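# Coordinate inspection notes
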Amino acid sequence: MKNQKCKGMQDLLPEDMLRFRRIEDVFRTCCLNWGYQEVRTPTLEYLYLFTATGTLTPSMLSKVYSFLDWDGWSGERVVLRPDGTIPVARLYIDNLSGQELARLFYVTNIFAFEGTGKENRERWQCGAEFFGGAKSAPDVEIILLAKQVIRRLGISNARLQLSHAGLVKALLKEFKLSPGEEAKMTNRILEGNWQALTKAKSTNPEIDRLIASLLGLKGKSSSFLHNIRASFPKASQDFKSSLEDFINIATLLDNLGCSYEIDIAAIHGFEYYTGICFQFLAAGEKIGGGGRYDSLVPLMNEKDIPACGFALYADTIMKSLPLEKEKKDESGILVQGKELTPEIVKTCFAVAESLRDAGHPAELDFTGREESDYRWVVLVSGKEPSQFVLTDSIQRRRRDAVSIAEILEVLSEE
Amino acid sequence: MKDYQAGYIKLALPKGRFLSPTANLLAEIDLGFEGYRDKTRQYRLRSTRYPSLSAKIFQERDIPIQVAVGNYDLGICGLDWIEEFLVKYPAGALVKVASLNYGEGSIYVVASTQVGITSLNELSARRNDYRIVSEYPNLAEAFALNLRMRRFRIFPVWGDAEAYPPENADLAVLWGKSGARIAAIQDLIPLKKLLPVTAFLIANRESLENKDLSQILMCFDSKLTAEPQISIENELDSSEELKGPRPSWQAKEINLALPDGHQQAPTSQFLKRAGLVLHGYSEEASSRRPTADLDWLGIKVVRPQDMPLQVANGNFDLAITGEDWLREHLYRFPSSPVKKLFALHFSTVRIVAAVSQEMPVADIDELRSLVQSSPDYIGAPVKVASEYINVADKYLRDNHINPYKLIPTWGAGEAFLPEDADMLIDNVQTGKTFQQHKLKIIDVLFRSSACLIASKDSLASSSKKERMEFLTQELRAGLL
């Protein structure tokens, strides 16, 4: 029969789910330990939530799943959540903005159309957002939190790359483009086309030199940024203050022994970011990213709340995550009925329930199949005097038992 | 029954505005389609010169879809409908081969003077909720997103987009002969020219990649030109004319929408019987905004298809439309605040399900059995063409026809059967057209006549209630 799965969608099979839950568990545990609280936003949001801030690029918005709901006669379109941060920002504004600080995290799916149908159109993210925390300690907090999750997942070769959206935007201002041109250039950069920037010669050779060294060089410590600052004393005030912020964060990371790479052009898609941007790479693939987005909440409700956050991409991480050996072999018990008589079925259910009550996972079977995946098999024959036979698959031995109490006793001996 | 042999080439040709120039072109390059001319009753044509070439005549808007799905290898239609399709389905199977060098006018984004916008930059900077009305909803949405408009709502209409601003829309995306012509329409400012409307030769990607179309393409060769520059410049060729004083539109307490097209004559007679004196709603003198002797009543003439949505949105309090279009709207938006007040018993049609006379089924139950027992006969999914996609969707669901695929059409749906669709859900008056096209009716979904619809919100509004009741009573008097 033909595969009936919708194009671009994915099934998560039992093994995938074991990996998924592992990522989720590690992520949740870390977040809770750092004082973050879990939230969940709805799958449907209004489209205008994503257009209203003017921060998402037209090319990103043209890929959202938008449609008219059953009560959409007013023309108000809804979307399948295309992004994790904006809905959480909305949740914060709607419900929690009275709180000075809010540390929130979520595990969610996001939807974006992808033309070939070969990549996922539904993707899973583990994200954390920190509302109300001004720079620079919160920036460092989210970077370290993300790093801890990655380390605890056993991904040892992850690289951290840093960039700064404020710095890029200040740089763009130096070109003195018309608002329309500047918007176009921003869109190109957001889509990763940094060459557009190097090709666009400014009127000022100083700026060209600055761009060449920023895009051409890659720093490994805050010293790189200090060098940039010293080489371009005439840079604009905006540029200098962004650079200052970048230096502060880099210095903190240096002091905390967190290694990184400064690569201004490595990061794209930082649509709403205003400050530090970062991403994690493992085996050449992007497994997560985040940054500071101080103007998002103000654009949404005019309240001046700074914020930063990150998301880890569960789908990418799942691909490389080693699967822990299933525990079923060590503790699983199969309760097998020899025949399908009402009496035997009833006894099987009773045995399984007692086993579960005693803390043992117990599965039922009435097919009589030969099973080797279980630590124990309890055969219910229904015949006196010993109506149960226990088979121990590890020790390869059999034992008779006359009562459920005796079964539990045998199991507790092990 | 179906022509799937390799080497057989199918061409989709336009009705309407491009029929004459396209017919001239085809005559010039001698494709052998003598039957393709104005007022033709024929939909299917066979080339007298190339035995492997056949053609079918479609509403222009249907052509990009028909070519993209591969029912036709080649097609000719306006760039506006091609882009309307491509902007939504860029990865689709539609390829623009070349411009055919004829066409007229352009698609413009226009603003109502009442909105007070004179440039595009203002649109993206402001936080207003803009209502954009258009026959081209995909182009309108892409325009709004590209401009990073903060908040907007798109109202798709079947036609008459220029009639909506200023009171019922802030912006419109519509066809105009020139910017100056648009500016000459009361209260409209052209903001941007989106694209010129020229005829294009289009092809199905797979046909172009795998099938030998060279003989036919060579015929077109002498007529093909490179793609004309699509202007994305902000062309305001009429800015001088905008400065003069304009008659400004006046808000009325109660707004009534009346239909144009076939329904206009019987509606006009009905209103006369009801004793409502109108100026500008007769065959002799027809205006977009007729006037009545009641100074609190605003009247506008729009497409009946668009009325329920417009009433739902409070643009009109009352409207005369068809029950078919009301159902189409309510099936899509069950919570819509639109209500039927009473039927007017004219323009009565039956909404029916029809199949080709060759199909061995007499009713919908037999069709279902046929689909289940011999899926190969029809070739699942069942393809259903209809102007009423929501009515059709509900009907097919209710009757457990499974699987099915809906093909939205913009009129002349009878031409789709049997080769491009298996079933048609359409309105019939006499059934004569169906006879001509060898179709048989297998079910009557419902009967539909003109009806008066109202906004529930207006009926409940304390400021409108009295006048709504007065007008409704007046209209009731016109019933036979």
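Quantities reported herein were computed from a predicted structural model and do not represent experimental measurements.

Cut-offs applied
The numbers attached to residues start from 1 for each chain and follow its sequence in the written order. Chains and ligands are labelled by the order in which they are written, letters from A for the one and numbers from 1 for the other. Totals for whole chains, interfaces and linings use all residues, but because this is a predicted model, local features are given only for residues with pLDDT of at least 70 and pairs of side-chain atoms are given and counted only at 80 or more. Comment: elements are numbered from the N terminus, with helices defined as DSSP H or I runs of at least four residues and strands as E runs of at least two. Labels follow a simple rule on C-beta atoms placed from the backbone: if 20 or more others lie within 10 Å of a residue's own, it is buried; if 12 or fewer, it is exposed; otherwise it is partly exposed. The source of the domain bounds is an automatic or database domain assignment. Residue type decides the class: Asp, Glu, Lys and Arg count as charged, Ala, Val, Leu, Ile, Met, Phe, Trp, Tyr, Cys and Pro as nonpolar, and the leftover types, Gly among them, as polar. Note on scores: pLDDT gives the predictor's confidence for each residue, bounded by 0 and 100. Any two residues are considered in contact once their C-beta atoms, placed from the backbone, lie within 7 Å. Only strands that DSSP links by at least two bridges are regarded as paired with each other. With axes taken as lines fitted to C-alpha atoms, and helix axes fitted only over the stretch in contact, angles between N-to-C directions fall between 0 and 180 degrees. Think of a nonpolar core as buried Ala, Val, Leu, Ile, Met, Phe, Trp, Tyr and Cys residues chained together by C-beta atoms that fall within 7 Å.

### Focus on the environment of Lys234 of chain A
All names here are of chain A. Looking at the secondary structure, you find Lys234 in the loop between α10 (222-231) and α11 (237-255). Assessed through the 10 C-beta atoms surrounding it within 10 Å, Lys234 is described here as exposed. A sequence separation of 16 residues divides Lys234 from Lys218, and the C-alpha atoms of the two residues are 22 Å apart.

### Concerning the domain arrangement of chain B
Residues and elements named next belong to chain B. Domain boundaries in chain B define domain 1 (9-103 + 197-221), domain 2 (105-195 + 234-243), domain 3 (254-348 + 450-476) and domain 4 (349-448). One C-alpha centre belongs to domain 1, the other to domain 4, and the line joining them spans 26 Å. Classifying every residue of the side of domain 1 that touches domain 4 gives 3 nonpolar, 3 polar and 4 charged.

### Here we look at the confidence of the model for chain B
Residue and element names in this part refer to chain B. Of all residues in chain B, 93% have pLDDT values of 70 or greater, and the mean over the chain is 88. Contacts from residues 1-5, a stretch scored under 50 in pLDDT, to residues over four places away or in other chains number 4 contacts. The low-confidence segment residues 228-247, where pLDDT is below 50, has 28 contacts with residues more than four positions distant or belonging to other chains. Under the prediction, the complex receives an ipTM of 0.77, its pTM being 0.83.

### Focus on the environment of Ser20 of chain B
Residues and elements named next belong to chain B. With respect to the helices and strands, Ser20 occurs in helix α1 (residues 19-28). With 12 C-beta atoms packed within 10 Å, Ser20 lands in the exposed category. Sequence separation of Ser20 and Met218 is 198 residues, and the distance between their C-alpha atoms is 22 Å.

### Focus: the pairing of strand β15 (residues 388-392) of chain A
All names here are of chain A. The sheet contact formed by strand β14 (residues 376-380) and β15 spans 5 bridges and is antiparallel. From the neighbouring strand, Val380 faces β15, where its bridge partner is Phe388. Hairpin connection between β15 and strand β16 (residues 397-401): a loop of 4 residues separates the two successive antiparallel strands, and Arg396 in this loop has a positive phi of roughly 55°.

### Here we look at the sheet that holds strand β19 (residues 423-428) of chain B
All names here are of chain B. Strand order in this open sheet of 5 strands is β18-β17-β19-β16-β20, and the pairing throughout is mixed. A single partner strand is all that each edge strand has here, and the edge strands are β18 (404-408) and β20 (439-448). Each neighbouring strand pair of the sheet contributes to a mean axis angle of 25°, computed without reference to strand direction. Strand contacts of helix α14 (residues 389-398): β16 (349-356), β17 (382-386), β18, β19 and β20, with the helix running at about 165° to β18, the strand carrying the most contacts.

### What to know about the interface of chain B and chain A
Each partner contributes residues to the interface: chain B has 19 residues there, and chain A has 16 residues. For the side of chain B that touches chain A, the secondary-structure elements that each account for two or more residues are α5 (137-146), β7 (152-156) and α10 (307-312) of chain B. Here the side of chain B that touches chain A is built from residues that sort into 10 nonpolar, 5 polar and 4 charged.

### Here we look at the domain arrangement of chain A
Assigned domains of chain A: these are domain 1 (14-320) and domain 2 (328-413). Between the C-alpha centres of domain 1 of chain A and domain 2 of chain A the distance comes to 54 Å.

### Describing the nonpolar core
Ranked by size, the top nonpolar core spans 218 residues in total, and within it Leu312 of chain A together with Val110, Ile132, Ala172, Val173, Val384 and Ile425 of chain B carry the most contacts. Here the element with the most residues in this core is strand β9 (residues 188-204) of chain B; it accounts for 11 residues. Sequence-distant contacts of Leu312 of chain A, that is, excluding residues within four places in its chain, are made with Phe27, Gln125, Cys126, Ala146, Val149, Ile287, Gly288 and Ile317 of chain A. In terms of nonpolar packing, the next biggest core, distinct from the first, is built from 16 residues, Ile333, Leu334, Cys348 and Val378 of chain A among them.

### Some thoughts on the sheet that holds strand β8 (residues 171-176) of chain B
Residues and elements named next belong to chain B. In space, the 9 strands of this open sheet follow the order β2-β3-β1-β4-β9-β5-β8-β6-β7, with mixed pairing throughout. On the outer flanks of this sheet lie β2 (44-46) and β7, each paired with one strand and no other. Taken pair by pair, the neighbouring strands of this sheet meet at an average axis angle of 25°, ignoring direction. Two elements, strand β1 (residues 9-14) and strand β3 (residues 53-58), share 6 bridges in a ladder whose sense is parallel. For Lys10, the partnering residue across the bridge sits in β3 and is Ser54. Running over the sheet, α1 touches β1, β4 (74-78), β5 (94-112) and β9 and is turned about 140° from β1.

### Remarks on the confidence of the model for chain A
The pLDDT averaged across chain A works out to 89; a share of 97% of its residues lies at or above 70. Across chain A, element-level confidence peaks in strand β1 (residues 37-38) of chain A with a mean pLDDT of 98 and bottoms out in helix α14 (residues 328-331) of chain A with 58.

### Observations regarding helix α11 (residues 323-332) of chain B
Of all 10 residues that make up α11 of chain B, 7 are buried, and the element is covered over most of its length. By the burial criterion, the buried members of α11 of chain B are Glu323, Asp324, Trp325, Leu326, Arg327, Glu328 and His329 of chain B.

### Things to note about unusual backbone geometry
One can expect most non-glycine residues to show negative phi and most peptide bonds to be in trans. All names here are of chain B. Residues Asn402 and Pro403 are joined by a peptide bond in cis, for which omega reads -5°. Mapped onto the secondary structure, Pro403 falls in the loop between α14 and β18. The omega torsion across Leu417 and Pro418 is 0°, close enough to zero to call that bond cis. Looking at the element boundaries, Pro418 is found in the loop between β18 and β19. Of note in this structure, His400 is not a glycine but carries a positive phi near 55°. Among the secondary structure elements, His400 is positioned in the loop between α14 and β18. Overall, His400 belongs to the exposed group, with 11 C-beta atoms counted inside 10 Å. A positive phi is found at Ala412, a non-glycine position, where the angle reads about 55°. In this structure Ala412 comes out as partly exposed when scored by C-beta crowding, with 18 C-beta atoms within 10 Å.

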